[in-house]
Amino acid sequence: TGINLLSQAAFGPHKIPSDWLAITTDGLKPAQGFATVFGHDSIRIPLYLIWAGHHDHVLIKRLYTTWTKLSIFATIEVETGIALWRFRAPGYNVIKQLIDATISTACPSVQFYEPSAEEDYYPATLALLANVASEALRLQSDDRCRNGVI
């Protein structure tokens, strides 16, 4: 399944997948001819995992730990583990909030985000999808901690 493949796609010091993968007789590896980054293509993976109820998937924990350790929410060069460029468009931050709200024991919530007309299509779309996911999972509720909804 995709979940099993994703669990095997653990490269570099942070054990995270690259945007593009090759399935070979030796297993999974970053695809040749593509940048070996966890970036704009992979950023939607945690959204879909969390939304589908896979809150405890190892990749969610690895991304939370990686971005906390690097102190920057950024595209990561998979093989070296170095942060390359910050996810600057505000819509991307909703994905980070979703991960934080899923992992953190401090009970943060996901703030509803309304993209501006000037925001690029992709981060705006991800933000809207994350809004729907966080509402479905009740991560936007201020009283979710008091009610034991995590």
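Look a little higher up for the structure.
Presented here is a report on the structure given in the accompanying data block. (Residues numbered from 1 in each chain as written. Predicted model: local features only at pLDDT ≥ 70, side-chain atom pairs only at ≥ 80, totals over all residues. Heavy atoms only, no water.)

### Some words on the overall build of the protein chain
Of regular secondary structure, the protein chain possesses five helices and five strands. Along the protein chain, helices and strands appear, N-terminal first, in the series α-β-β-β-α-α-β-β-α-α. The burial tally for the protein chain puts 43% of its 150 residues in the buried class. For the protein chain, the accessible area works out to roughly 8100 Å², and carbon and sulfur atoms hold 54% of it. (Helix = DSSP H or I, 4+ residues; strand = E, 2+ residues; numbered from the N terminus. Buried < 20%, exposed > 50% of the residue type's maximum accessible area, 1.4 Å probe, protein only. Areas by Shrake-Rupley, 256 points an atom, 1.4 Å probe, with all protein chains shown as cover.)

### Describing the packing of helix α3 (residues 58-70) against helix α4 (residues 90-103)
Between α3 and α4, the shortest axis-to-axis distance is 10 Å and the interhelical angle comes to 110°. Viewed along their axes, α3 and α4 adopt a mutual orientation that is roughly perpendicular. Seen from α3, the contacting residues are I60, K61, Y64 and W67; seen from α4, they are K96, I99, D100 and I103. (Axes fitted to C-alpha atoms, helices over the stretch in contact; angles between N-to-C directions. Parallel < 35°, antiparallel > 145°, perpendicular 65-115°, else oblique. Contact = heavy atoms within 4.5 Å.)

### What about the pairing of strand β5 (residues 83-86)?
On any regular strand, side chains alternate: one points to one face of the sheet, the next to the other face. Pairing of strand β4 (residues 74-77) with β5, which is carried by three bridges, proceeds in the antiparallel orientation. Bridging from a neighbouring strand, I76 pairs with A83 of β5. The hairpin formed by β4 and β5 contains five residues between the paired strands, and G81 there has a positive phi angle of roughly 80°. (Pairing = 2+ DSSP bridges.)

### Some thoughts on unusual backbone geometry
Unlike most non-glycine residues, K15 shows phi in positive territory, near 55°. Relative to the helices and strands, K15 resides in the loop between α1 (2-8) and β1 (21-24). Look at K15 and you get partly exposed, because its relative accessible area is 41%. Despite not being glycine, S71 shows a phi value in the positive range, around 55°. Position of S71 relative to the elements: it lies in the loop between α3 and β4.

### A closer look at the pattern of salt bridges
On inspection of all chains with the given rule, the structure shows two salt bridges. Here D41 ties to R44 by a salt bridge, and the two come within 3.9 Å at their closest N and O atoms. Of the residues examined, D41 reaches a relative accessible area of 29% and is grouped as partly exposed. For K96, the salt bridge goes to D100, with nearest N and O atoms at 2.8 Å. One end of the pair, K96, and the other, D100, are both in helix α4, four residues apart, so they sit about a helical turn from each other. On the basis of relative accessibility, which here comes to 16%, the residue K96 falls in the buried class. (Salt bridge = Lys/Arg side-chain N within 4 Å of Asp/Glu carboxyl O.)

### Quick word on the side chain of T75
Considering the arrangement of structural elements, one finds T75 in strand β4. Judged by its relative accessible area of 0%, T75 is buried. Setting aside its immediate chain neighbours within four residues, T75 contacts V37, F38, G39, H40, I82, A83, L84, W85 and F87.

### Regarding the side chain of T36
Here T36 lies in the loop between β2 (27-30) and β3 (37-38). Looking at T36, the relative accessible area reads 15%, which means it is buried. Among the polar contacts made by the side chain of T36, one reaches the side chain of E77 at a distance of 2.4 Å. Setting aside anything within four residues of it in sequence, one finds T36 in contact with S18, P30, I76, E77, V78 and E79. (Polar contact = N/O pair within 3.5 Å; in protein donor to acceptor, adjacent residues only side chain to side chain.)

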